[in-house]
Amino acid sequence: MSRRPETVRTEDGERAEQPVDSRARFTGRGWAFLGTGTLCLLLATWLGRKDVLALALFLGGAPLFAALSLYLVKPRVLLKRGVDPALVTAGDSAVVRLRVRHRSRRAGRAAGAAGAVAVHERVPEPLGGDRELSVQAGGEPAAYTVRPRRRGVYALGPATVRVADPFGLAAELLDASERTSLHVAPDPVELPEIRADRLRESGTDPARTAQPQPGPDNVTVREYRHGDPVRRVHWAASARQGTLMVRQEDPRSIRRLSLLLDLDDTAWPGERQWAGVLPSTAEFEWAVSFTAAVLEHLTQRETAVHALDTRGRPLPRGGEDDDAAVRGRVTAIDDDAAEDARHGLARVRPLPVPGRMAGSRSSSGIPGTHGGRGGRADRGGSGSAGPDSGRGIAGAFGGDGSAEPGSAPGARPEAGAGAGADDGLADRFDRDGLVHPVLLVSGDLDRAGAQRILHGTHRAGAGSAVLVASAADRVPDGAAVLEAAGWSVVVVTAATAPEEAWAHLGTGSRTAGALR
């Protein structure tokens, strides 16, 4: 295809294409016919031969007739694009199939096979760049493979179809403006085991102290059902029963943790980069990858993870719309829902801080979607209530016992301390009864933001935070606020290995990896 529409990237990450010039134009063969016809016309004039004149009229008129027929008929094509699978993990491959059918002008019905057409498929550079394909109209689809290396949402298309007359003398470019999204989830790294005795503990978690720990006395088995993870197969029971049996732990033994991913764009001031069509930064991408690794690590160890952002909104799940019904769902993620939760991380992006309404404590002012836009407000308007105490995420690993919430440094937030602030996080913790340990993943968290998070999580008995700094010599201001409340804080950069950051939680060391 000789002409490609010029593309530029807009502020939203989309590729803005110039409209395709769909006027019928002569192909190389058509120009050759015109040139030969002109030469024959000169020869006919010089030699006075009528047969050469007839040949000249035929050679010169055929391309003109072909272009006129394309203009009058106005060919239409129907392009269908399928991506299998539409949700992949970074490093995995997906197959894209294109099917083209000609459409008649009457009722838009698809016509039969009419030869191959050339298709210029617009593909993002991280997926290999644009493709030139020859697709049999009405026949078998053409396919190509993409292998995304980074998480995000990638837009495939639109495609430009080159339609020619049966003799290939004139062609017309048709813009099939359909787009298809490919969602790429982060590939979780394997995190090391953390011993409970290495983690500092404080606060009494009723959900933990009233429940027994997993063990042989509270584990039951049932028959294997399609979709059960293979790691849950109980091989000894399977040998006794003669059929596959899986472990079904007593629900009282399930450990819990609240995982907060900070989506406020003020916490991610680094240089902008793109996760497909989503604006992002290197620090935010590290935080998303770390969140995916924590989800995978904990859910495999019988821990129910309540995955939220710092405004109290559940993190998206794969394939679901971020509407009001989704926001009100149960936030707990277990082993069966872990993969769906990781796929939802393909869509997260830093969001503008929602506008605050004076005197409002409800979460109704929170934007309805994880991708919408809200008004930016001054971060200094955050509530400054004093935090509850808590240390580490030991409660999620079976630590037993400590002090009552609010008995450590820092006073319990007084009533009305967060008035005028966005208390969606506090409302979520109150409504769902989240008294479990908290793990916060944030970036350049300021003091006001840290105070707001402490106020929202005051029901929790323990807290840990991983803060991703934009430079090796920078420590976010919010780190001191969290540490004063008894939280365990680890500061990393985007160059730090997630395994190293995880291993430093609860060790008393503030920095890890590149910052040491």
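Here's what I pulled together on the structure shown here.

Cut-offs and rules
As a convention, each chain's residues are numbered from 1 in the sequence order in which they are written. Local features in this predicted model are restricted to residues of pLDDT 70 or higher, and side-chain atom pairs are both shown and tallied only at a pLDDT of 80 or more, whereas totals for entire chains, interfaces and linings draw on every residue. Here the side-chain values reflect all heavy atoms present in the structure, with hydrogen atoms and water set aside. The helix count covers DSSP runs of H or I at least four residues long, the strand count covers runs of E at least two residues long, and both are numbered beginning at the N terminus. Per-residue accessibility, obtained with a 1.4 Å probe over protein chains only, is compared with the maximum for each type, and a residue is labelled buried under 20%, exposed over 50%, and partly exposed between these values. Contact criterion: two residues are considered in contact whenever any of their non-hydrogen atoms come within 4.5 Å of each other. Residue burial considers only the protein chains on display, and all accessible areas are found by Shrake-Rupley using a 1.4 Å probe. To estimate how far a helix should extend, the number of its residues minus one is multiplied by 1.5 Å. Two strands qualify as a pair provided DSSP detects at least 2 bridges between them. Polar contact criterion, stated in full: a pair of N or O atoms within 3.5 Å, where within protein one must be able to donate a hydrogen and the other to accept it, and residues adjacent in sequence count only if both atoms are side-chain atoms. Between Lys or Arg on one side and Asp or Glu on the other, a salt bridge is scored when a side-chain nitrogen of the former is within 4 Å of a carboxyl oxygen of the latter. The term nonpolar core refers to a set of buried residues drawn from Ala, Val, Leu, Ile, Met, Phe, Trp, Tyr and Cys, joined through side-chain atoms within 4.5 Å. Bend angle per residue: angle between axes fitted to the 7 residues ending at that residue and the 7 residues starting there. For Phe, Tyr and Trp, rings pair up if their centres lie within 6.5 Å, where Trp contributes its six-membered ring, and each pair is then called stacked (planes under 30 degrees apart), edge-to-face (over 60) or tilted (otherwise). Axes, fitted as lines to C-alpha atoms, cover a helix only where it is in contact. Angles between the N-to-C directions of the axes lie from 0 to 180 degrees. Angles are sorted into four bins: roughly parallel if under 35 degrees, roughly antiparallel if over 145, roughly perpendicular if 65 to 115, and oblique for all others. The hand of a helix crossing depends on one turn: near helix anticlockwise from the far one by less than a right angle means left-handed, and clockwise means right-handed. Note that Gly is not counted as nonpolar here; it falls among the polar residues with everything else outside the nonpolar set of Ala, Val, Leu, Ile, Met, Phe, Trp, Tyr, Cys and Pro and the charged set of Asp, Glu, Lys and Arg.

1. So, the overall build of the protein chain
Move 1: Scanning the protein chain from N- to C-terminus turns up eleven helices and 23 strands.
Move 2: Residues classed as buried in the protein chain amount to 50% of the 516 residues present.
Move 3: Considering only contacts within the protein chain whose residues lie at least 6 apart along the sequence, 73% involve residues at least 24 apart.
Move 4: As displayed, the protein chain has an accessible area near 23400 Å², and 51% of this comes from carbon and sulfur atoms.

2. Re helix H5 (residues 282-299)
Move 1: For H5, which comprises 18 residues, the first-to-last C-alpha distance of 26 Å matches the rise-based estimate of 26 Å (1.5 Å per residue) to within 8%.
Move 2: Burial runs high along H5: 15 of the 18 residues are buried.

3. Considerations on the sheet that holds strand E19 (residues 303-309)
Move 1: Reading across the sheet, the six strands line up as E20-E19-E16-E21-E22-E23 and stay open at both edges, with mixed pairing between neighbours. Edge positions in the open sheet fall to strand E20 (332-333) and strand E23 (488-492), since each of these has one partner strand only.

4. Let's talk about the side chain of Arg122
Move 1: You can see Arg122 is positioned in the loop between strand E7 (116-121) and strand E8 (131-136).
Move 2: Given a relative accessible area of 1%, Arg122 falls into the buried group.
Move 3: In terms of polar contacts, Arg122 uses its side chain to reach the backbone carbonyl oxygen of Pro158, at 2.8 Å.

5. Description of the pattern of salt bridges
Move 1: In total, this model carries twelve salt bridges according to the counting rule given.
Move 2: With a shortest N-O distance of 2.9 Å, Arg49 and Asp51 are connected by a salt bridge.
Move 3: According to the relative accessible area criterion, Arg49 is partly exposed, its value standing at 43%.
Move 4: Since its relative accessible area comes to 45%, Asp51 is described here as partly exposed.
Move 5: Measuring nitrogen to oxygen at the nearest pair gives 3.2 Å for the salt bridge that ties Arg342 to Glu296. Of this pair, Arg342 sits in helix H7 (residues 338-344) while Glu296 is found in helix H5, placing the two residues 46 residues apart along the sequence.
Move 6: By relative accessible area, Arg342 is classed as buried at 8%.
Move 7: Three or more residues joined by partner-sharing salt bridges are found here, namely Asp264, Arg311 and Arg452.

6. Topic: the nonpolar core
Move 1: Grouped together as the largest cluster of nonpolar side chains are 36 residues, with contacts concentrated most on Leu259, Leu261, Phe290, Val294, Leu345, Leu439 and Trp502.
Move 2: For this core, the elements supplying multiple residues, two or more each, are strand E16 (255-261), H5, E19, strand E21 (438-442), strand E22 (463-468), E23 and helix H11 (498-504).
Move 3: Of all the elements, H5 adds the most residues to this core, at ten residues.
Move 4: In terms of nonpolar packing, the next biggest core, distinct from the first, is built from 27 residues, Val77, Leu98, Val119 and Val184 among them.

7. Details of the pairing of strand E13 (residues 180-185)
Move 1: Where burial is concerned, most of E13 is hidden: five out of the six residues are buried.
Move 2: The pairing of strand E5 (residues 87-89) with E13 spans three bridges and is classified as parallel. Opposite Thr89, over in E13, you have Ala185 as the bridge partner.

8. Concerning the environment of Arg474
Move 1: Structurally, Arg474 is set in the loop between E22 and helix H10 (478-484).
Move 2: Look at Arg474 and you get partly exposed, because its relative accessible area is 32%.
Move 3: Residues Arg474 and Val491, 17 residues apart in the sequence, show an inter-C-alpha distance of 9.0 Å.
Move 4: Setting aside residues no more than four positions away along its own chain, Arg474 makes contact with Asp444, Ala469 and Val491.
Move 5: Here the side chain of Arg474 touches Asp444 through a polar contact of 2.9 Å, side chain to side chain.

9. Details of helix H2 (residues 50-73)
Move 1: In a regular helix each residue adds 1.5 Å, so 24 residues correspond to 34 Å; H2 covers 33 Å between its end C-alpha atoms and thus fits that length.
Move 2: The sharpest bend along H2 comes to roughly 30°, located at Gly61, with the proline Pro63 sitting one to four residues further on.
Move 3: Along H2, the positions that sit buried rather than exposed are Val52, Ala56, Leu59, Gly60, Ala62, Pro63, Ala66, Ala67 and Leu70.
Move 4: In this structure, the buried residues of H2 make contact with strand E3 (25-26), helix H1 (28-47), strand E11 (159-164) and strand E12 (170-176).
Move 5: Count one or two residues on from H2 and you reach Lys74, which has phi positive near 50°.

10. Comments concerning the environment of Arg76
Move 1: When you line up the elements, Arg76 lands in strand E4 (residues 76-84).
Move 2: Judged by its relative accessible area of 41%, Arg76 is partly exposed.
Move 3: Separated by 100 residues in the primary sequence, Arg76 and Ala176 place their C-alpha atoms 9.6 Å from one another.

11. Considering the packing of aromatic side chains
Move 1: Considering all chains together, one arrives at four aromatic pairs under this definition.
Move 2: With 6.5 Å between their ring centres and 55° between their planes, Phe290 and Trp502 make a pair best called tilted. With Phe290 in helix H5 and Trp502 in helix H11, this residue pair connects regions lying 212 residues apart in the sequence.
Move 3: The class of Phe290 is buried, set by a relative accessible area of 0%.
Move 4: For Trp502, a relative accessible area of 0% translates into the label buried.
Move 5: Among the aromatic side chains, those forming a connected cluster through ring pairs are Trp286, Phe290 and Trp502.

12. Let's talk about the sheet that holds E8
Move 1: Across the sheet, five strands lie side by side as E3-E12-E11-E7-E8; this open sheet has antiparallel pairing. Whereas interior strands pair on both sides, the edge strands pair on one side only; in this sheet they are E3 and E8.
Move 2: Each of E3, E11 and E12 is contacted by H2, which is oriented at about 25° to E12, the strand it contacts most.

13. Let's talk about the packing of helix H8 (residues 424-432) against helix H9 (residues 447-456)
Move 1: In the contact formed by H8 and H9, the axes pass within 8 Å of each other and the chain directions differ by 20°. By the criterion of interaxial angle, the relationship of H8 to H9 is roughly parallel. In terms of crossing hand, the pair formed by H8 and H9 is right-handed. For the pair formed by H8 and H9, the contact residues are Leu425, Ala426 and Phe429 on the first element and Ile453, His455 and Gly456 on the second.
Move 2: A class-by-class count of the residues in the contact of H8 with H9 yields four nonpolar, two polar and no charged.

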